[in-house]
Amino acid sequence: MSMILHLIVSMIIAVNVTAALPVFLPRRFGSKALNAASGIMLFIISLFPIIPDFASLFVAFCIMFTLWVLLFFKGSLLRRIAFSAIFFSIIGAWSYLTVYCVLLTARFDAPAFMDFTLVLLVSVLCVSYFYLFQGYVRKADESSLDAFTDRLWGYTAFIALCPPIVILLLVSQPPENPIQLFLSTFFVVAASSAMLPMIYQIGRSNMLTRENQMLKARTGHYREIEQEQLQIRKFKHDLMNHFTVIATYLDLGENDKAIEYFKKLGADFANISKTYTENSLINAILNSKYQKAMVEGIELRIQADADTSGLEESADLCTLIANALDNAIEAKPEDKKIDLILTEDGDDFLFICSNRYSGDRKRREDGTLCTTKDDSRSHGFGIKNIKEAVSRMNGTLDITTEGSVFTVRASIPMGKKE
């Protein structure tokens, strides 16, 4: 009967975990045959009993299950380790509880009907638990997991490793009181199960924070577009006055002054709104920062020959551009020049912003410059915003301070072009 109980519980575990885990981790293989092999392999792994006083068998079981997750599922390493620990705690707790119940009945030489009752009771409890568990899994919001950063997954993995340690302690030093062991085992199952809604709640919170940041960034960008349109309307309003001045110069025969005035007028209009890319939002940012640099007496030299149509997250891209240029302008370059390059490098969008800075500036451990503003608590977020924006676009960021030149270089993968 003990063998039947172990087989039933192992089958219940294998079926339910194989069905639930893909909700949290994407499968590595699309083949039905490989997925079936994955379920069979998990069933075989689940057959390894977790026996009291056999800690080495527990460790071997843990390693095999973790390797199974790493082999058949994709995702960041920390994310897979976190869910390996959570699901292993659930599997290990049920396996340990089953074996302990069998050993307990054997110790007291229980009659056959007691063995049958034990098999039925544990099987019903296990099926009931996984029925409730699957009900939660079906309602889970998978998109919130994508809002996790590597740091959050690291914290999650650290916390998720606590329940397996509790099981290891139970295996190494089984309590003499069966009630204490049952309570400890059910606590492990409950704690591991409770981590799943906690993870989703943190993911939703992080996702809402990101959406609020993007909304704030879009609002700022649209205000810059509105400011640009206001400048154009003001220029049009004064256009008749400009034409009157030119006509007066021509009437007086001062053709050179008329030509010079016309050239200045054309330059002023060109500075109001330039077209750098096919993305109007990016153009608005570049024009706004160009005007800001002019007020500070800084020459902003822009080279833009990239096709930005393949970039999906334009708000994050604008965050990158706006923060990098704001930092460069506020640094007040010694040579009054800022160089900005928007180009393509194979299938990647390449962003390079560089400017000179004073050599006496302090640097942090990562090589970035410390803010020189008096209220340092309210500033210094530009680099942080840049890092987060590039990370959300799955890009790479390189910030260097070679010599007296500060350079922000970001490489961002572009979507497929039609």
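Located above this text is the structure these notes cover.
Rules used throughout
- Residues numbered from 1 in each chain as written.
- Predicted model: local features only at pLDDT ≥ 70, side-chain atom pairs only at ≥ 80, totals over all residues.
- Heavy atoms only, no water.
- Helix = DSSP H or I, 4+ residues; strand = E, 2+ residues; numbered from the N terminus.
- Buried < 20%, exposed > 50% of the residue type's maximum accessible area, 1.4 Å probe, protein only.
- Areas by Shrake-Rupley, 256 points an atom, 1.4 Å probe, with all protein chains shown as cover.
- Salt bridge = Lys/Arg side-chain N within 4 Å of Asp/Glu carboxyl O.
- Pairing = 2+ DSSP bridges.
- Axes fitted to C-alpha atoms, helices over the stretch in contact; angles between N-to-C directions.
- Contact = heavy atoms within 4.5 Å.
- Parallel < 35°, antiparallel > 145°, perpendicular 65-115°, else oblique.
- Nonpolar A, V, L, I, M, F, W, Y, C, P; charged D, E, K, R; others polar.
- Core = buried A, V, L, I, M, F, W, Y, C linked by side-chain atoms within 4.5 Å.
- Patch = residues over 30% accessible without salt bridge, like charges linked within 9 Å, V, L, I, M, F, W, Y side chains within 5 Å.
- Phe/Tyr/Trp six-rings, centres within 6.5 Å; stacked < 30°, edge-to-face > 60°.

S.K.: Residue-level account of the overall build of the chain, with values.
M.R.: Regarding its fold elements, the chain presents 13 helices and five strands. Split into buried and exposed, the 418 residues of the chain put 41% on the buried side. A total accessible area of about 22800 Å² is found for the chain, and carbon and sulfur atoms account for 60% of it.

S.K.: Tell me about unusual backbone geometry, and name the residues and values.
M.R.: We note that Lys332 has phi near 50 degrees; this positive angle belongs to a residue other than glycine. Note on placement: Lys332 falls in the loop between helix 12 (314-330) and strand 2 (337-345). When its relative accessible area of 51% is taken as the criterion, Lys332 is described as exposed.

S.K.: Please provide a residue-by-residue account of the pattern of salt bridges, values included.
M.R.: Applying the stated criterion across every chain yields a total of seven salt bridges. Note that Lys332 is salt-bridged to Glu296, the shortest N-O span being 3.4 Å. Here Glu296 lies in the loop between helix 11 (280-295) and strand 1 (299-304) and Lys332 lies in the loop between helix 12 and strand 2, a separation of 36 residues in the sequence. We classify Glu296 as partly exposed; its relative accessible area is 37%. By sharing partners, the salt bridges in this structure join Lys289, Lys292 and Asp326 into a single network.

S.K.: How would you explain the sheet that holds strand 3 (residues 348-356) if you had to name every residue and give the values?
M.R.: Paired through backbone hydrogen bonds, the strands of a sheet run either parallel or antiparallel to each other. If you walk across this open sheet you meet the five strands as 1-2-3-5-4, and the pairing is mixed. Single-partner strands in this sheet number two, and they are strand 1 and strand 4 (396-402). Taking each pair of neighbouring strands and ignoring which way they run, the sheet shows an average axis angle of 10 degrees. Sheet analysis places strand 2 next to strand 3, joined by eight bridges and oriented antiparallel. The residue of strand 3 that forms the bridge with Asp345 is Asp348. The strands touched by helix 11 within the sheet are strand 1 and strand 2, with strand 1 carrying the most contacts at an inclination of about 155 degrees.

S.K.: Which residues make up the side chain of Ser84, and what are the values?
M.R.: Structurally, Ser84 is set in helix 4 (residues 77-107). The class for Ser84 is buried, based on a relative accessible area of 4%. The contact partners of Ser84, leaving out residues within four places of it in the chain, are Phe65, Thr66 and Val69.

S.K.: Could you give me a rundown of the packing of helix 2 (residues 32-46) against helix 3 (residues 55-72), with the residues and numbers involved?
M.R.: Here helix 2 crosses helix 3 at 170 degrees, and the two axes come no closer than 10 Å. One finds that helix 2 runs roughly antiparallel with respect to helix 3. Taking contact as the criterion, the partners of Leu34, Ser38, Met41, Leu42, Ile45 and Ser46 in helix 2 are, on helix 3, Phe61, Met64, Phe65, Trp68 and Phe72. Here the contact of helix 2 with helix 3 is built from residues that sort into nine nonpolar, two polar and no charged.

S.K.: So, the environment of His242: which residues are in play, and what are the values?
M.R.: Inspection of the secondary structure assignment puts His242 in helix 9 (residues 239-251). Distance in space between the C-alpha atoms of His242 and Tyr261 is 8.6 Å, their sequence separation being 19 residues. Not counting chain neighbours up to four residues away, the residues in contact with His242 comprise Tyr261 and Leu265.

S.K.: Tell me what's going on with the nonpolar core, and back it up with residues and numbers.
M.R.: As a rule of thumb, nonpolar side chains are buried together in soluble globular proteins. Among the nonpolar cores identified, the biggest contains 59 residues, and Phe83, Trp94 and Phe130 are the most heavily contacted of them. At the level of secondary structure, the elements contributing two or more residues to this core comprise helix 1 (2-24), helix 2, helix 3, helix 4, helix 5 (112-138), helix 6 (150-160), helix 7 (162-172) and helix 8 (178-237). The element contributing the most residues to this core is helix 4, with 16 residues. Among residues more than four places away in sequence, those in contact with Trp94 are Val9, Ile13, Val122, Leu125, Cys126, Tyr129, Phe130, Phe186 and Val189.

S.K.: Break down a nonpolar patch on the surface for me, citing the residues and quoting the values.
M.R.: A cluster of nonpolar side chains, contributed by Phe158, Ile159, Met198 and Ile202, occupies part of the molecular surface with about 370 Å² of accessible area. Breaking the nonpolar patch down by element, the ones donating at least two residues are helix 6 and helix 8. In this fold, Ile159 is placed in helix 6.

S.K.: Which residues make up the environment of Val17, and what values do they have?
M.R.: Tracing the chain through its elements places Val17 in helix 1. As for Val17 and Ile90, which are separated by 73 residues in sequence, their C-alpha atoms are 9.5 Å apart. Residues contacting Val17, with those up to four places away along its chain left out, are Pro22, Leu42, Phe65, Phe87, Ile91 and Phe130.

S.K.: I'd like to hear about the packing of aromatic side chains, residue by residue, with values.
M.R.: All told, the structure shown has 17 aromatic pairs when counted by the stated rule. Ring centres of Trp68 and Phe72 lie 6.3 Å apart, and the angle between their planes is 45 degrees; this geometry places the pair in the tilted category. With a gap of four residues between them, Trp68 and Phe72 both fall in helix 3, about one helical turn apart. Exposure remark for Trp68: the relative accessible area of 1% places this residue in the buried category. Ring-pair connections join several aromatic residues into one group, and the members of that group are Phe24, Phe83, Phe87, Trp94, Tyr129, Phe130, Phe133, Trp153, Phe186 and Tyr200.

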